[in-house]
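Structure assessment
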Amino acid sequence: MSRATPLREAVKATFYPFALERGFVREKATSLFVPFRRIVGNTAHVFEIQWDKSHRPRFVVNFGEAPSAGVEFFGEHVSAELLAPHQCPVHGRLQRWRGGTMRTWFQTSKPWAETMRTLKWAYTPEEVAAELIASFAELESWWETKQEGPHVNIWRRN
């Protein structure tokens, strides 16, 4: 059993049903990626949970939005049913806070200031899953209004 197993189980138990209630369909997963998608009108919303490749208890949510008819990606047409977040014209990440390091990923390790304040080194897996659910509202808001919040980083593909 890897150190990430308790966190994976907590996310699976609480976040997966949360996403399904919002109209997402869970796709076939790998050990590193768990993809979800939904079609809303003429738009496809896709996201995937990307787990740490070294099996540490941390993850980030990659997401994107594209026309439901699909997109052209490096000269090839990719249908909405096969679309990955990085193939979307506008894509980004939902994470603990903005930044480019793995410290910004959702994880059981607490930031140093939080550790000093609480005198505890780590969050429980259930606390991290709850943090993901709370932050997901920001992603839903971005899909509706395109307003970036403190947990959303956006990249545009030219």
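Residues numbered from 1 in each chain as written. Predicted model: local features only at pLDDT ≥ 70, side-chain atom pairs only at ≥ 80, totals over all residues. Heavy atoms only, no water.

What about a nonpolar patch on the surface?
Among the surface-exposed residues, W112, M116 and W121 lie close enough to one another that they form a single nonpolar patch of about 440 Å² accessible area. Structurally, the position occupied by M116 is in helix 2 (residues 112-118). Judged by its relative accessible area of 48%, M116 falls in the partly exposed class. (Patch = residues over 30% accessible without salt bridge, like charges linked within 9 Å, V, L, I, M, F, W, Y side chains within 5 Å. Areas by Shrake-Rupley, 256 points an atom, 1.4 Å probe, with all protein chains shown as cover. Salt bridge = Lys/Arg side-chain N within 4 Å of Asp/Glu carboxyl O. Helix = DSSP H or I, 4+ residues; strand = E, 2+ residues; numbered from the N terminus. Buried < 20%, exposed > 50% of the residue type's maximum accessible area, 1.4 Å probe, protein only.)

Focus: the pattern of salt bridges
With the rule as written, the count across this model stands at seven salt bridges. Ionic pairing is found between E27 and R37, a salt bridge with its closest N-O pair at 3.2 Å. Highlighted residues: E27 in the loop between strand 1 (25-26) and strand 2 (33-40) and R37 in strand 2, separated in sequence by ten residues. Exposure remark for E27: the relative accessible area of 27% places this residue in the partly exposed category. Given the relative accessible area of 12%, R37 is considered buried. Beyond isolated ion pairs, a larger network of salt bridges with shared partners links D52, R56 and R58.

Some points on the packing of aromatic side chains
Tallied over the full model, the rule gives 18 aromatic pairs. Between F15 and F47, the ring centres sit 5.9 Å apart and the planes meet at 70°, which makes this aromatic pair edge-to-face. On the criterion of sequence distance, the pair formed by F15 in helix 1 (residues 5-21) and F47 in strand 3 (residues 43-51) is long-range, its members being 32 residues apart. In this pair, the class of F15 matches that of F47, namely buried. Between F24 and W143, the ring centres sit 5.7 Å apart and the planes meet at 35°, which makes this aromatic pair tilted. A residue pair is termed long-range when its members are at least 10 positions apart, and F24 in the loop between helix 1 and strand 1 and W143 in helix 3 (residues 125-145) qualify at 119 residues. Joined through ring pairs, the aromatic side chains of F15, Y16, F18, F24, F36, F47, F63, F136, W142 and W143 make up one cluster. The ring of W142 carries K146 above its face, with NZ or CZ at 4.7 Å from the centroid. (Phe/Tyr/Trp six-rings, centres within 6.5 Å; stacked < 30°, edge-to-face > 60°. Lys NZ or Arg CZ within 6 Å of the ring centre and 35° of its normal.)

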